[in-house]
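A look at the structure
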Amino acid sequence: MTSETLTIIDNRTGKKYEVPIRDGAINATDLRQIRIGEDDVGLVSDDPAFMNTASCQSKITFIDGDKGILRYRGYPIEQLAENSTYLETAYLVLYGDLPNKAQMEDWTYNITHHSILHENIKKFIDGFHHDAHPMGMLVTAVGALSTFYTDAKNIFDVESRKKQTYRLIAKMPTIAAFAYRHSIGMPYSYPDNDLSYTGNFLNMLLKMTELKYRPDPVLEKALDVLFILHADHEQNCSTNAMRSVGSSHADPYCAVAAATAALYGPLHGGANEAVLRMLMEIGSKSKVPEFVKKVKEGQGRLMGFGHRVYKNYDPRAKIIKQIADQVFEVRGRNPLLDIALELERIALEDDYFIKRKLYPNVDFYTGLIYQSIGFPTDMFAVLFAIPRTSGWIAQWEEMLMDPEQKIARPRQIYKGADKRDYVAMERRK
Ligand code: ACO
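Quick caveat, the model's predicted, so the values are computed rather than measured. (Residues numbered from 1 in each chain as written. Predicted model: local features only at pLDDT ≥ 70, side-chain atom pairs only at ≥ 80, totals over all residues. Heavy atoms only, no water.)

1. Notes on the site of the ligand
Lining the immediate environment of the ligand, one finds 19 residues, of which Arg301, Leu302, Gly304, Arg308 and Arg356 sit closest. The separation between an oxygen atom of the ligand and a polar side-chain atom of arginine 301 is 2.8 Å. Contacts to the ligand include phenylalanine 305, whose backbone N or O atom sits 2.9 Å from a nitrogen atom. Here the ligand has 930 Å² of accessible area as a free molecule, and 73% of this is covered by the chains. Classifying every residue of the shell around the ligand gives 10 nonpolar, 5 polar and 4 charged. (Near = heavy atom within 4 Å. Polar contact = N/O pair within 3.5 Å; in protein donor to acceptor, adjacent residues only side chain to side chain. Areas by Shrake-Rupley, 256 points an atom, 1.4 Å probe, with all protein chains shown as cover. Nonpolar A, V, L, I, M, F, W, Y, C, P; charged D, E, K, R; others polar.)

2. What to know about the environment of methionine 208
Tracing the backbone through its elements, the reader meets methionine 208 in the loop between α7 (197-206) and α8 (217-229). Under the relative-accessibility criterion, methionine 208 is labelled exposed at 52%. Residues methionine 208 and methionine 186 lie 22 residues apart in sequence; the distance between their C-alpha atoms is 8.9 Å. (Helix = DSSP H or I, 4+ residues; strand = E, 2+ residues; numbered from the N terminus. Buried < 20%, exposed > 50% of the residue type's maximum accessible area, 1.4 Å probe, protein only.)

3. Points about the packing of α8 against helix α16 (residues 363-373)
Closest axis-to-axis distance for the α8/α16 pair is 12 Å, and the angle between their directions is 150 degrees. Between α8 and α16, the interaxial angle falls into the category roughly antiparallel. Our pair here, α8 against α16, has a crossing hand that is left-handed. Contact residues: Leu219, Leu223 and Leu226 in α8; Thr366, Ile369, Tyr370 and Ile373 in α16. Considered class by class, the residues forming the contact of α8 with α16 number 6 nonpolar, 1 polar and no charged. (Axes fitted to C-alpha atoms, helices over the stretch in contact; angles between N-to-C directions. Parallel < 35°, antiparallel > 145°, perpendicular 65-115°, else oblique. Left-handed = near helix turned anticlockwise from the far one by under 90°. Contact = heavy atoms within 4.5 Å.)

4. A word on the domain arrangement of the protein chain
Taken domain by domain, the protein chain comprises domain 1 (1-45) and domain 2 (62-402). Relative placement of domain 1 and domain 2: their C-alpha centres are 41 Å apart. (Domains from an automatic or database assignment.)

5. Section: the sheet that holds strand β5 (residues 69-72)
On the basis of which strands lie adjacent, the open sheet formed by 3 strands has the order β4-β5-β6 and antiparallel pairing. The open sheet is flanked by β4 (61-64) and β6 (75-76), the only strands paired with a single partner. Note that β5 and β6 share 2 bridges and pair antiparallel. In the sheet register, tyrosine 72 faces β6, and the bridge partner there is tyrosine 75. (Pairing = 2+ DSSP bridges.)

6. Details of the side chain of arginine 243
If you trace the backbone, arginine 243 turns up in helix α9 (residues 237-246). Among the polar contacts made by the side chain of arginine 243, one reaches the side chain of glutamate 398 at a distance of 2.7 Å. With residues near it in sequence (within four places) discarded, arginine 243 still touches Cys56, Ser58, Gln235, Gln395, Glu398, Met399 and Gln405.

So this is what it looks like as structure tokens:
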């Protein structure tokens with residue numbers, strides 16, 4: 001009979017250890033008993049980027065990166081994209097099951113009725129330069145909510161958590177839209193409770209002088225599906241930031257501000273913006289081979305390609321390609337699409353990319369869609385942060401309720417100077 005344990009022989013001492021394997025993992029603290037002497041703190045694992053370290057147990061999102069599978073709470077992303085709405089999916093991600101009719105009505109009511117910002121938040125946004133990046137404004141304004149809702153610090157009160165969840169999911173689009181309107185010097189457009197979550201977001205972004213804004217149903221639906229695809233993605237960089245900051249028991253607004261900041265980087269949520277800049281830099285289909293050659297020589301990366309977890313086509317990218325066609329039908333074909341398609345074709349046939357299992361990720365086509373809808377490139381990461389808020393909160397709540405969770409505090413391997421004595425200024429070289 002096989003035993004669910006791992007036997008380790010420490011060749012430094014000849015000692016043998018047996019550590020349990022649970023759910024395909026060993027507990028890293030079990031390594032600490034492996035020591036070479038009394039002063040030794042014990043063996044640690046060295047994994048700076050969490051390449052092979054599980055930071056938690058989770059029931060929210062399942063990914064099989066080799067097979068290209070993504071599921072929220074067990075439901076395949078393809079089924080949710082086809083049949084669900086973002087708000088329903090957010091409920092699923094947060095509460096574990098699809099809502100019944102009454103739950104959905106209650107949820108929709110609460111989100112719809114928490115979308116207005118305190119007027120003082122507008123003053124923060126007013127204070128930014130016209131060319132401030134909307135992600136910078138979003139990080140600041142969402143963090144500032146912490147000072148408006150002081151009840152948010154009661155993180156172990158279930159009613160308080162529920163309230164902050166409504167507020168965060170409802171207010172992120174309002175902050176984002178206000179940041180956008182500020183950047184183009186337009187008056188803010190207030191939420192319209194008659195519209196859907198994404199319809200209202202478009203209203204707050206694009207309403208001009210008309211009395212009632214009516215979103216284009218194709219664009220409203222496309223944005224809604226994109227929001228579903230971005231709702232959660234297990235332990236990615238921003239979610240890890242959310243859990244890490246949340247583990248100190250900071251309130252959820254501060255933790256969401258940290259997660260949003262992590263998402264801002266070009267290796268994470270900033271990638272779709274980087275893809276578009278890359279496509280514009282390439283300029284034409286004929287220049288694609290030359291660009292790919294440079295990437296292979298180590299001069300930059302093919303943005304929108306590669307993923308830490310997916311070693312196959314990102315399942316979200318497949319759905320996004322279909323949405324792109326629907327959006328282009330309404331808004332006209334994005335001229336950069338031909339460059340993107342050629343880039344994908346060449347890369348997927350090239351040994352460099354095949355060998356490293358580099359496939360298009362979620363960001364490869366989203367930028368083209370957002371640009372066609374009319375969003376400036378600066379807004380792309382914001383369009384990621386809004387839907388990801390449901391995933392961040394679900395992960396934060398799971399972390400808080402996990403009896404094994406403690407403040408996140410990794411260990412280090414110290415490689416600095418050994419003990420030395422202080423030298424007075426006049427004696428220094
Ligand atoms: N273009 C060219 N080469 C690449 C790319 C790329 N986009 N991505 C990885 N590689 C190469 C690396 O140079 C490395 O090659 P080597 O083995 O010869 O050194 C190998 O593939 C492995 O790459 P790592 O950087 O070790 O892989 P990691 O898992 O750390 O990186 C990441 C994943 C950050 C997503 C990376 O693929 C990347 O930078 N992609 C471009 C940015 C991007 O699209 N980010 C969005 C990710 S999806 C999201 O956050 C929503």
